Every structure is written in structure tokens, then in C-alpha cells.
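Next come the chains, spelled out residue by residue.
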Amino acid sequence: MPPETVKTASPTAPDVIHNIGYRHYDGPRLGRAYARRSLFSQSLRGAYGLGRSGKSKVLPMILFAVMTAPALMIVAVALTTNMTKLPIEYTRYAIIMQAVIGLYLAAQAPQSVSRDLRFRVTSLYFSRPIERIDYVAAKFAAMTAALFILTAAPILILYVGALLAKFGFADQTAGFGKALVGVLLLSLLFSGIALVIAALTPRRGFGVAAIIAVLTLSYGAVTSVQGVALATGSPHAIGWLGLFSPITLIDGVQTWWLGASSSFVDGQGPSSVFAGIVYLLVVLGLIAGAFGLLMRRYGKVGLS
């Protein structure tokens, strides 16, 4: 029998370059600014479920409807009766609807940031010319804008209704402007706090519970302690206790800085110039601190 022929495989070069058909890109490089705008736009759209599945749109749209429904009813009553002014001040609307605001942030803040951490896709953002501050700024701005839309929409409805009812233009415009400043501060503060909490854990459930506790339950705790202070003959402490809850912080700033009526127990908001300045500085400090903590958080996960 003829001897068997043994075939030996030729060694493969370790540095072979395979052409898999990718095209070379010769177009313009849009850079960091475009990436930052795109991230902001997608995050803002995502906060209302736009560009996502139908299921993702249900909760934010329901909360938006719940937020604006009382304003629509107030306007309807004002137009069909002989009211001479709105039954609620513009600056108090967001304070009254704080539970809806807390639920909205608890649902959307984890969706905005913790999903990226949980699925470990944040490194993909940084494979392009985008830096850590771009990511944080875009997410912070998008969440603030989404919350501002939620809180400003009912105030706009009240303002339009007041003008249709032929209430005083100057008074209504002044109140509307003050309320917009108030909800802008609220949106910055609440969004910063919610994003920091959501970014601390990739588990959405933990983030939801923590956000509700900090934004909503803290108000109940502070209000209860304020009631105790009033009952024990220490009304001067009511104003200072408001520093320990996000919503009472906004209430205090509106009371002192914007001339709004206080929602504190017995209406005891910050009465002195010193107390008002402290409230404003604490709010601004918390907003800046939240941004700084987000920067530090994303630095720790290797996104510097």
C-alpha cells in the first residue's frame, strides 16, 4: 500500500488584518458640543417616554395629567363664576403638588442614569470626544428641563385662565413670573438630589425608594417637628426647621425672596433677612453640591 500522505497546516501569521467591510468616514467631526446636545435631547425625550416603548410613556404622561388637572379645574371654575382672583397663589401650586413631583422624579431619575451604570454602557459614551463634565451636565440639564416642564405647565394654565377671566394683568404677570423662578429653583434642587441618589446604585428599586424618602417623607417629618415646636411654645424654631427638607427649603426661599405666603406650620416662614439669605445659600449650595457629587461619582467608576 502506498504510504499515507500527511498534510500539515501552514502556520497562520498572528498579525493578519481582515477587511470586514467598514467604510472609512471622511465627513465632518461634530465634536463634544454636538454629543452634549444629543445626550441632553435624548435624556429629555426619555424622561417623558418619547422615542421609547408605549409602556414607558404611560407613567410620565399620567403624572403630567395629574399635575395639570387641578389647574384646569381651577380655571374652569374661575371662568364660570364671579371670582375676582384665583383661589390659589401661583407660588403655592408646586408645594401642594409635591407628591406628584416626587413620584415623577422617583420614576425618571433612575431611568436617566442608573440604567447606564447597570448595563455598563457608560464607557461607550466616553469612546467619543466627550468628557465626564459633558455627561453630567447633559443629564443634569435634561432632568431639570423635564421637571421644569412638569411644574411650569400648570402655572402657565393658571396664568392663561386668569387673563381670560380678566383678572388684573400686572398682578397676574408678577405672580406668574415669581412662580416660574420658584419652580426653576425647585427643578434644579430636586433634580440634583434625585440624580445623585439614582447614580449611587445601579438597582432601580433602591433608587426609587430612596428618592421618595428624601423628597416626600422628609417633608412629613419636618412638618411634624414644626408642629411640635409650635405646641411647645417655640414658634421661632419653625423657620429654621424648614432647612431640613427640600420642599420647605423652596418654600422658605419663595417666602423671603419672592414675597410668597408661607406653607409652614402657622405660616412661620423665614422672617429675617439673615434667615432668608441662609435659605437661599443652602439651596444654591445643595444644587452645586449635587453637581459636584455627580462629577465625583462618575470619576470613581472610571469615567474621568
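From a predicted model like this one, the values you see are computed outputs, not experimental measurements.

Novice: Just checking my understanding: could you explain the nonpolar core for this structure?
Specialist: Judged by nonpolar contacts, the single largest core of 70 residues is most densely connected at Y104, L105, L158, F190 and I211. Every element with two or more residues in this core is listed here: α2 (54-80), α3 (90-96), α4 (98-118), α6 (132-164), α7 (169-200), α8 (204-231), α10 (246-257) and α11 (273-300). It is α7 that provides the largest number of residues to this core, a total of 14 residues. Once residues lying within four places of it in the same chain are set aside, the contact partners of I211 are G102, L105, A106, A109, P110, A194, I197, A198 and T216.

Novice: Would you mind showing me how to read the packing of aromatic side chains here?
Specialist: Overall, the coordinates contain seven aromatic pairs when judged by the stated rule. Centre to centre, the rings of Y48 and F64 are 6.4 Å apart; their planes meet at 85°, and the pair counts as edge-to-face. Of the two residues, Y48 sits in the loop between α1 (31-46) and α2 while F64 sits in helix α2, which places them 16 residues apart along the sequence. Residue Y48 is classed as buried on the basis of its relative accessible area, which comes to 9%.

Novice: Looking at this structure, how should I read unusual backbone geometry?
Specialist: Phi is mostly negative for residues that are not glycine, and the peptide bonds are mostly trans. Backbone geometry places K166, a non-glycine residue, at a positive phi of 65°. Its location among the elements puts K166 in the loop between α6 and α7.

Novice: Explain the pattern of salt bridges here, please?
Specialist: Pairing between side chains becomes possible if they bear opposite charge and their charged atoms approach one another. Within this structure, the stated rule accounts for three salt bridges. Close ionic contact of R36 with D134 constitutes a salt bridge, the shortest N to O distance being 2.5 Å. Pair noted here: R36 is in helix α1 and D134 is in helix α6, with a separation of 98 residues, a long-range link. Using a relative accessible area of 31% as the deciding quantity, one classes R36 as partly exposed. Judged by relative accessible area, which is 2%, D134 ranks as buried. In the salt-bridge network here, residues are joined through shared partners; they are R32, R36, E131 and D134.

Rules and cut-offs
- Residue indices begin from 1 for each chain and proceed along its sequence in written order.
- For a predicted model such as this one, the threshold for reporting local features is a pLDDT of at least 70, and the threshold for listing and counting side-chain atom pairs is 80 or more; totals across whole chains, interfaces and linings nevertheless cover every residue.
- To obtain the side-chain values, all non-hydrogen atoms of the structure were used and water was disregarded.
- Put simply, buried Ala, Val, Leu, Ile, Met, Phe, Trp, Tyr and Cys residues joined by side-chain atoms within 4.5 Å make one nonpolar core.
- Per-residue accessibility, obtained with a 1.4 Å probe over protein chains only, is compared with the maximum for each type, and a residue is labelled buried under 20%, exposed over 50%, and partly exposed between these values.
- The helix and strand labels rest on DSSP assignments: H or I over at least four residues marks a helix, E over at least two residues marks a strand, and numbering proceeds from the N terminus.
- Whether two residues touch is decided by their heavy atoms; if any such pair falls within 4.5 Å, the residues are in contact.
- Classification of ring pairs uses Phe, Tyr and Trp, with its six-membered ring standing for Trp, and accepts pairs whose centres are within 6.5 Å; under 30 degrees between planes counts as stacked, over 60 as edge-to-face, and the remaining range as tilted.
- Only one rule defines a salt bridge in this text: a Lys or Arg side-chain nitrogen within 4 Å of an Asp or Glu carboxyl oxygen.

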